[in-house]
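# Summary of structural features
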Amino acid sequence: MTSPSESRFEFDAAAHQETHAHTAPHPSASATDADKIRDISEVPAVEVITTAAVHLMSAAAVKLGLAEGADAEELKDLDEARKLITALAGLITAGAPEVGNQHARPLRDGLRTLQLAFREASIIPDEPGKGPGEKFTGPVN
């Protein structure tokens, strides 16, 4: 089993436009491109779930202004971060029993960190239990 950061799953947006073909490479894809694209049927569910969660975490961190670089503050968008964190909380809450504690624990830790960062970044704090994702996780302090 690979960790999310060592994921072998690749997504080729061109191959998924309009037809959403999951097994056939895009007609314009070269043989080398086709070799790089892994058939979605070969990817274990745990890997798909954790990869999706990591992508949501990364996007939320950027929207919270936690990205590296001089333009991090310009990328900050708390409304977008709230949506991403809520989606992440739903995915982790629903997926935790399926992926097992060894995979769910670090995802929950990352989610909690983002929820706390959101609370810290907010000018007007949410009531306990009303923050992003807290309807799935309960209040975060």
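Below is a summary of the structure that appears in this document. (Residues numbered from 1 in each chain as written. Predicted model: local features only at pLDDT ≥ 70, side-chain atom pairs only at ≥ 80, totals over all residues. Heavy atoms only, no water.)

### So, the overall build of the protein
Condition: Only DSSP runs of H or I reaching four residues or more are called helices, and only runs of E reaching two or more are called strands; each is numbered from the N terminus. Each residue is assigned to one of three classes by its accessible area relative to the maximum for its type, calculated with a 1.4 Å probe on protein chains only: buried under 20%, partly exposed between the two thresholds, exposed over 50%. By the convention used here, residues are in contact when the closest approach between their heavy atoms is within 4.5 Å. Methods summary: accessible areas were calculated by the Shrake-Rupley approach with a probe of 1.4 Å, and residue burial reflects only the protein chains presented.
Within the protein one finds five helices and zero strands. Residue burial in the protein is summarised as follows: out of 141 residues, 29% are buried. Look at the contacts in the protein between residues 6 or more apart in sequence, and 60% of them connect residues 24 or more apart. For the protein, the accessible area works out to roughly 8900 Å², and carbon and sulfur atoms hold 55% of it.

### Digging into the pattern of salt bridges
Pairing is possible between side chains that carry opposite charge, provided their charged atoms lie close to one another. Applicable threshold: Salt bridges are defined as contacts in which a side-chain nitrogen from Lys or Arg sits within 4 Å of a carboxyl oxygen from Asp or Glu.
Per the stated rule, a full pass over the model turns up five salt bridges. With its nearest N and O atoms 3.7 Å apart, the salt bridge here joins lysine 76 to glutamate 73. Among the salt bridges present, the one from arginine 119 reaches glutamate 134, with a minimum N-O distance of 2.7 Å. Here arginine 119 is found in helix 4 (residues 101-121), whereas its partner glutamate 134 is found in helix 5 (residues 134-137), with 15 residues between them in sequence. Through salt bridges that share partners, Asp79, Glu80 and Lys83 make up one connected network.

### As for the side chain of serine 122
This is how the line gets drawn: Definition of a polar contact: a pair of N or O atoms within 3.5 Å, with one able to donate and the other able to accept a hydrogen when the atoms are protein atoms, and with sequence-neighbouring residues admitted only if both atoms are side-chain atoms.
Along the chain, the position of serine 122 falls in the loop between helix 4 and helix 5. Of the residues examined, serine 122 reaches a relative accessible area of 14% and is grouped as buried. A polar contact is formed between the side chain of serine 122 and the backbone oxygen of phenylalanine 118, at a distance of 2.9 Å.

### Focus on the nonpolar core
This is how the line gets drawn: Only buried residues count toward a nonpolar core. Its members are Ala, Val, Leu, Ile, Met, Phe, Trp, Tyr and Cys residues joined through side-chain atoms within 4.5 Å.
Counting 16 residues, the largest nonpolar core has Met57, Leu64, Ile85, Leu88, Ile92, Leu111 and Leu114 as the members making the most contacts within it. Of all elements in the fold, only helix 2 (45-63), helix 3 (78-99) and helix 4 reach the threshold of two or more residues within this core. Top contributing element to this core by residue count: helix 3, with six residues. Not counting chain neighbours up to four residues away, the residues in contact with leucine 88 comprise Ala53, Leu56, Met57, Leu111 and Leu114.

### Notes on helix 3
The criterion, for reference: To estimate the expected span of a helix, subtract one from its residue number and multiply by 1.5 Å. The angle between axes fitted to the seven residues ending at a residue and the seven residues starting there is what we call the bend at that residue.
Spanning 22 residues, helix 3 covers 29 Å between terminal C-alpha atoms, matching the ideal 32 Å at 1.5 Å per step. At threonine 93, helix 3 shows its largest bend, some 30°, and a proline, proline 97, comes one to four positions later. Burial in helix 3 covers these residues: Ala81, Leu84, Ile85, Leu88, Ala89, Gly90, Ile92, Gly95, Ala96 and Val99. In this structure, the buried residues of helix 3 make contact with helix 2, helix 4 and helix 5. Here helix 3 starts with a cap whose side-chain oxygen sits 3.2 Å from the backbone nitrogen of aspartate 79, and that cap is aspartate 77. Positioned one or two residues after helix 3, glycine 100 has a phi angle of 90°, which is positive.

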